[in-house]
Structures are given as structure tokens and as C-alpha cells.
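Summary of the model geometry
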Amino acid sequence: AQSVTQPDIHITVSEGASLELRCNYSYGATPYLFWYVQSPGQGLQLLLKYFSGDTLVQGIKGFEAEFKRSQSSFNLRKPSVHWSDAAEYFCAVGAGNAGNMLTFGGGTRLMVKP
Amino acid sequence: DVKVTQSSRYLVKRTGEKVFLECVQDMDHENMFWYRQDPGLGLRLIYFSYDVKMKEKGDIPEGYSVSREKKERFSLILESASTNQTSMYLCASNLGGTGGLNEQFFGPGTRLTVL
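All residue numbers refer to positions counted from 1 along the written sequence of the respective chain. Key to labels: chains lettered from A, ligands numbered from 1, both in the order written. In keeping with the predicted nature of the model, local features appear solely for residues at pLDDT of at least 70, side-chain atom pairs appear and are counted solely at 80 or more, and the whole-chain, interface and lining totals rest on all residues. Excluding hydrogens and water, the side-chain figures rest on all heavy atoms present in the structure.

1. Quick look at the overall build of chain A
Put simply, the rule reads: A run of H or I in DSSP becomes a helix once it reaches four residues, and a run of E becomes a strand once it reaches two; helices and strands are each numbered from the N terminus. In this description the radius of gyration comes from C-alpha coordinates, and the expected globular size is given by 2.2 Å times residues to the power 0.38. For every residue, the accessible area (1.4 Å probe, protein chains only) is compared with the maximum for its type, and the residue is labelled buried under 20%, exposed over 50%, or partly exposed between those bounds. Between two residues, a contact is recorded if the distance between any of their heavy atoms is within 4.5 Å. Accessible surface is estimated by sampling points in the Shrake-Rupley manner with a 1.4 Å probe; for residues, cover comes only from the protein chains shown. When charges are counted, Lys and Arg are positive and Asp and Glu negative, with His and the chain ends excluded. A single reference atom marks each charge: NZ on Lys, CZ on Arg, CG on Asp, CD on Glu.
Looking only at helices and strands, chain A features 1 helix and 12 strands. For chain A, the N- to C-terminal ordering of α and β elements is β-β-β-β-β-β-β-β-β-β-α-β-β. The C-alpha radius of gyration computed for chain A amounts to 13 Å, which stays within 12% of the reference 13 Å derived for 114 residues, consistent with globular compactness. The dimensions of chain A, computed from C-alpha atoms along their principal axes, are 40 × 30 × 20 Å. Residue burial in chain A is summarised as follows: out of 114 residues, 50% are buried. Taking the contacts inside chain A whose residues are at least 6 apart along the sequence as the reference set, 53% of them involve residues at least 24 apart. Carbon and sulfur atoms make up 49% of the accessible area of chain A, which amounts to about 5,100 Å² in all. Charge separation in chain A, taken as the distance between the mean sites of 9 positive and 8 negative side-chain charges, equals 3 Å.

2. A closer look at the state of the cysteines
All names here are of chain B. To be explicit about the condition: Counting rule for disulfides: a pair of cysteine sulfur atoms within 2.5 Å.
Tallied over the full model, the rule gives 2 disulfides over all chains. Through a disulfide, Cys23 is tied to Cys91; the S-S separation comes to 1.9 Å. Sign of the S-S torsion, about -75° for the bond between Cys23 and Cys91, identifies this disulfide as left-handed. Here the residue Cys23 occupies a position in strand 3 (residues 19-25), and Cys91 occupies one in strand 9 (residues 87-94), the gap between them amounting to 68 residues. Here Cys23 matches Cys91 in class, with each residue buried.

3. Examining the pairing of strand 7 (residues 65-70) of chain B
For clarity, the threshold we go by: Two strands qualify as a pair provided that DSSP identifies no fewer than 2 bridges between them.
In terms of strand pairing, strand 7 of chain B meets strand 8 (residues 73-78) of chain B through 4 bridges, oriented antiparallel. When the bridges of strand 8 of chain B are listed, Lys70(B) appears paired with Arg73(B).

4. Some details on the sheet that holds strand 1 (residues 4-6) of chain B
All names here are of chain B. How we decide: To get an axis, a line is fitted to the C-alpha atoms, and for a helix only the part in contact is used. The angle between two axes follows their N-to-C directions and goes from 0 to 180 degrees.
Read from one edge of the open sheet, 4 strands run 1-3-8-7, paired in antiparallel fashion. What marks the edges here is a single partner per strand, and that holds for strand 1 and strand 7. Looking at each pair of strands side by side, their axes are set apart by 20° on average, direction ignored. Pairing of strand 3 with strand 8, which is carried by 6 bridges, proceeds in the antiparallel orientation. The partner of Glu22 across the bridge, within strand 8, is Ser75.

5. Let's talk about the nonpolar core
Within soluble globular proteins, side chains that are nonpolar generally end up buried alongside one another. Residue and element names in this part refer to chain A. Put simply, the rule is: In these notes, a set of buried Ala, Val, Leu, Ile, Met, Phe, Trp, Tyr and Cys residues joined through side-chain atoms within 4.5 Å is what counts as a nonpolar core.
By size, the foremost hydrophobic cluster in this structure holds 26 residues, and its most contacted members are Leu19, Trp35, Leu47, Leu48, Phe74, Leu76 and Tyr89. Elements that contribute at least two residues to this core include exactly strand 2 (10-14), strand 3 (19-21), strand 5 (32-38), strand 6 (44-50), strand 8 (64-68), strand 9 (73-78), strand 10 (87-94) and strand 12 (108-113). For this core, the leading source of residues is strand 10, giving 4 residues.

6. Let's talk about the pattern of salt bridges
All names here are of chain A. So the rule is basically this: Any Lys or Arg side-chain nitrogen located within 4 Å of an Asp or Glu carboxyl oxygen qualifies as a salt bridge.
With the rule as written, the count across this model stands at 11 salt bridges over all chains. For Arg109, the salt bridge identified is with Glu88, shortest N-O distance 3.0 Å. Of this pair, Arg109 sits in strand 12 while Glu88 sits in strand 10; the two residues are 21 residues apart in sequence, bridging distant segments of the chain. Three or more residues joined by partner-sharing salt bridges are found here, namely Glu64, Glu66 and Arg77.

7. As for the packing of aromatic side chains
Condition: Each aromatic pair joins two rings of Phe, Tyr and Trp (for Trp, the six-membered one) with centres within 6.5 Å, and gets the label stacked for planes under 30 degrees apart, edge-to-face for over 60, and tilted for any other angle.
Evaluation of the coordinates by the stated rule reveals 17 aromatic pairs over all chains. Seen in terms of ring centroids, Tyr36(A) and Phe104(A) are 6.0 Å apart; in terms of plane orientation they differ by 50°. Their pairing is tilted. One end of the pair, Tyr36(A), is in strand 5; the other, Phe104(A), is in strand 11 (residues 102-104), with 68 residues separating them in the sequence. Across the pair, Phe104(A) and Tyr36(A) agree in class, each one buried. By way of ring pairs, the aromatic residues Tyr32(A), Phe34(A), Tyr36(A), Phe51(A), Phe90(A), Phe104(A), Phe33(B), Tyr35(B), Phe48(B), Tyr50(B) and Phe106(B) are connected into one cluster.

So, in C-alpha cells, the structure goes:
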């Protein structure tokens, strides 16, 4: 069965600093990979996704992620964090039923210092 | 824009009550999902429906059932609510298929407290 690990439960960065959120997955085949963000009191919003092709994926709000098959990782990055990026971030892998059934990681809560 | 709505943002019920959580999507999506979200555990799939009257168990279906009588509506039912079902419940939908089509769109969630 597939699984997703987000090793960092909480991360605090200063506004303007760079950000990297880690995600490791376990899945036997080529995965569908997603990053979602949940702002306080909001539903989840898709930041970016990877299915195939270029391993560096660009998303919304200036985020990008890199798929590394050899490391089973799909880390999320942003070069300069804004205070509005404070939220919880979830990595997910799509598996069963043509990738429609998602398995999520436990989430990383990002706090941004002024 | 896709809109997924959930009937309540907050709900308080008593142990043993039957609880219905309703979800409606307005984009003619084939698939609908119910998740529960708990701190540190992320989202866990309870049930998935890929067509009217069709369903598939997710990772944690015990204590829950679902109903999908119309394409746009997917209900989660707690037959006899228990305190360990206190959680945030999220509904989602997607177009189905493969490739770039399986982005899921989420509702705002229902925070259920069982006393």
C-alpha cells in the first residue's frame, strides 16, 4: 500500500526567506503526486501536481516542487516566503482507481515570522 | 470555478445519534470523496463514489456509510455517532479519469463534535 511521510510537523521561517517542505512517498509504480495548501478555516487548494515529464513542476503562488524518483521525494520549495503563505501544507500520492484515490501525508504547518 | 459545498460548518451531536453530513458539487463531476482530517494524521479517505449508487471503501470506512442517489450529492452517514468520530470532515470531487484530470476540489469542511 502507498504511504506519504512529511517529516516536519511544524516549520517557522522569516518572511522573505526561502522554504523547502519535505515529502517522501512509498508507491510501487509511477506515482501521481500533489501538494495542497489549507489556509486557516479554508478547504484544501491544489498548489501543483506531477504525473510525468519534467521533474520540476511549477505551481501557483510561486511554489515549485521537484520529483526525485531515486529518493522517492517530492519536496516543495519557494524562493521567498510571504506572510500570507502561513498555512498547513499536505503532500499526497494518487494510487488506486486511476490515481483518483489519494493518500495524504500528515501535513506540515508553516509559520512565518515578520 | 468548481464549487463544493457542505451542509454545515459546525455540528454538535450526542453519542448514539444518527448523523448525516451532506455534500453538493456543481460541476458534474463523476467522483466524490469523504475524508476525515485529524491533527498529525492528515486526511484519511473514508469512502469514494465513482458514479451514482456506486461506492468504494477507503482507508477507514468502519462506523460510516455513504449514499449517492444523485450525481451532484454525496452523503456521509454515521449510524451511531461515537466520541472517537469527533473530527473535521472534508468532502471533495473530481472529474475522474486519468492524467491531469484527477485534481480534487474540496469543500470547506464540517467540524463535528460528538459529546
